[in-house]
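Structure at a glance
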Amino acid sequence: DPCCGAAYHLCALGFLHSGRIRSILAADIDGQAVVTAERNLGLLGPDGLNRREAELREMLNQFGKASHAEALESLKALRQRLPEGGIPGMAFRADALSAEALQAGTGGAEIDLVFSDVPYGQLSGWQGAVGAEQPLHRLLESLRAVIRPGTVVAIAADKSQKAAHPAYQRE
């Protein structure tokens, strides 16, 4: 996800489709979003789940809330959904509108699926070198540097942004 924010969608996809995902790469132009994304992606592995379990136990001991006990139960269910060792994930800072930045961050990884809920103005907006060209078109152009033929690109956007580019086949 080249516009991952906190990587919520990637984590959900990881848990829902853990047997079919080798690894997850996430990028965002906002450094704080990348820090949060790294923490959230950590939940897809044993170390991150252990850290979260310790935090929840501390909160349960300190506050005694039922919601903390329920979260601990949910954590058990999440742990069972993951393959042994979890799903490797990495977040990096990059301008999604820059092919060079995406290439540097992905390090030549073979990308099979791109999923992105792009910025659309209610709580976030496009940043970086937006220019006069439609940002979504620029994103699709930048992605061409890191995808291979047959890669599926799924974009969630509001109606004001058109996910159209001559190098892509819409299905």
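Given the structure is predicted, the values throughout are model-derived calculations rather than measurements.

**Let's talk about the environment of C11**
Structurally, C11 is set in helix α1 (residues 8–16). On the basis of relative accessible area, C11 is assigned to the buried category, the value being 9%. Leave out the neighbours within four places in its chain, and C11 touches N40, L41 and L44.

**So, the pattern of salt bridges**
Going through the model one piece at a time under the given rule, you end up with 9 salt bridges. R148 is the partner of E110 in a salt bridge, and the nearest nitrogen-oxygen pair spans 3.6 Å. Within this pair, whereas E110 is found in the loop between α5 (99–106) and β3 (111–117), its partner R148 is found in strand β4 (residues 147–156), the two being separated by 38 residues in sequence. A salt bridge links E141 to R144; its shortest N-O distance comes to 3.3 Å. E141 gets classed as partly exposed once you look at its relative accessible area, which sits at 36%. According to the relative accessible area criterion, R144 is partly exposed, its value standing at 43%.

Calculation notes
Residues numbered from 1 in each chain as written. Predicted model: local features only at pLDDT ≥ 70, side-chain atom pairs only at ≥ 80, totals over all residues. Heavy atoms only, no water. Helix = DSSP H or I, 4+ residues; strand = E, 2+ residues; numbered from the N terminus. Buried < 20%, exposed > 50% of the residue type's maximum accessible area, 1.4 Å probe, protein only. Contact = heavy atoms within 4.5 Å. Salt bridge = Lys/Arg side-chain N within 4 Å of Asp/Glu carboxyl O.

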